[in-house]
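What the coordinates show
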Amino acid sequence: MAHAWELWVQSFPQLLAATIKTTIPLALISFALALVLGTLVALARFARVPVLSQLSWLYVWVFRGTPLLVQLFIVFFGLPKIGVVLDAWTAAIVTLSLNTGAYASEAIRASIVSVPHGQWEAGYTLNLTQVQVFGKVIAPQAFRIALPPLSNDFIDLIKGTSLVSTITITDLFMTGQQIASATYEPLILYVEVAAIYLLICTLLSFVQSKLEAKSSLYVQR
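Here's a quick rundown of the structure.

In terms of nonpolar packing, the biggest core is built from 32 residues, with Ile158, Val164 and Ile167 touching the most fellow members. Elements with a minimum of two residues in this core: α1 (2-47), α3 (68-78), α4 (88-114), α6 (130-160), α7 (172-183) and α8 (186-220). Take this core: its biggest share by element is 7 residues, from α8. The next biggest cluster of nonpolar side chains, apart from the first, holds 13 residues, and it includes Ala104, Ile138, Ala142 and Ala146.

See the structure below:
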């Protein structure tokens, strides 16, 4: 036990540095792009414009129906075969954004649909345009409904970043692998890596609960 604790203490600075420099920025950038993409896709499907709706459905179907690891390999190792060469960071951000965006779009679309149709009618009675009704009446309610699933998507994304080690990015997981290889202590190191991921996700879950509470209070007002 003493040996395990000593190794944890020695390796923690390297693991923390990889978390701060790679894992967290990668997740934040990818999630921000995923939210934009997910919103656009959700609106395209909600608007029911034939071509856009079909393309959006196809995108969601493909990225929700295939493993993230396979998607990473296609983008990083496969696309160069057709002349599209991306560095590891760009490939990771593109893939993570597309993958998470597909899930986020479904959460956003479902939240918009779940707002009672009477809310639209109430907005129209106030002589608001469709855009105004959506922005002032529907979107705030939809946001509150979408907050839990979107938060879960972000937590899943944090865990999903561990796969970027397979395309040569030195993230938290790869750093743990490197230390484990050097010390011949895979159990101790991988448990520590898991503990760090668990801590991050626990903090995010705490923030999620606070945001949900605040959004509920806002709606009640």
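Time to look at the side chain of Ser30. With respect to the helices and strands, Ser30 occurs in helix α1. If near-sequence neighbours (up to four positions away) are discounted, Ser30 is found in contact with Ala92, Ile93, Leu96, Ser97 and Leu157.

Attention now moves to the packing of α1 against α6. Two elements in contact, α1 and α6, have axes whose closest approach is 11 Å; the angle formed by their N-to-C orientations is 135°. When the axis of α1 is compared with that of α6, the two are oblique. The element α1 and its partner α6 pack so that their crossing is right-handed. Residues Ala27, Leu28, Ser30, Phe31, Leu35 and Leu43 of α1 form the contact with α6, whose participating residues are Phe134, Leu150, Asp153, Phe154, Leu157 and Ile158. Tallied by class, the residues present in the contact of α1 with α6 amount to 10 nonpolar, 1 polar and 1 charged.

Thresholds applied
- Residues numbered from 1 in each chain as written.
- Predicted model: local features only at pLDDT ≥ 70, side-chain atom pairs only at ≥ 80, totals over all residues.
- Heavy atoms only, no water.
- Core = buried A, V, L, I, M, F, W, Y, C linked by side-chain atoms within 4.5 Å.
- Buried < 20%, exposed > 50% of the residue type's maximum accessible area, 1.4 Å probe, protein only.
- Helix = DSSP H or I, 4+ residues; strand = E, 2+ residues; numbered from the N terminus.
- Contact = heavy atoms within 4.5 Å.
- Axes fitted to C-alpha atoms, helices over the stretch in contact; angles between N-to-C directions.
- Parallel < 35°, antiparallel > 145°, perpendicular 65-115°, else oblique.
- Left-handed = near helix turned anticlockwise from the far one by under 90°.
- Nonpolar A, V, L, I, M, F, W, Y, C, P; charged D, E, K, R; others polar.

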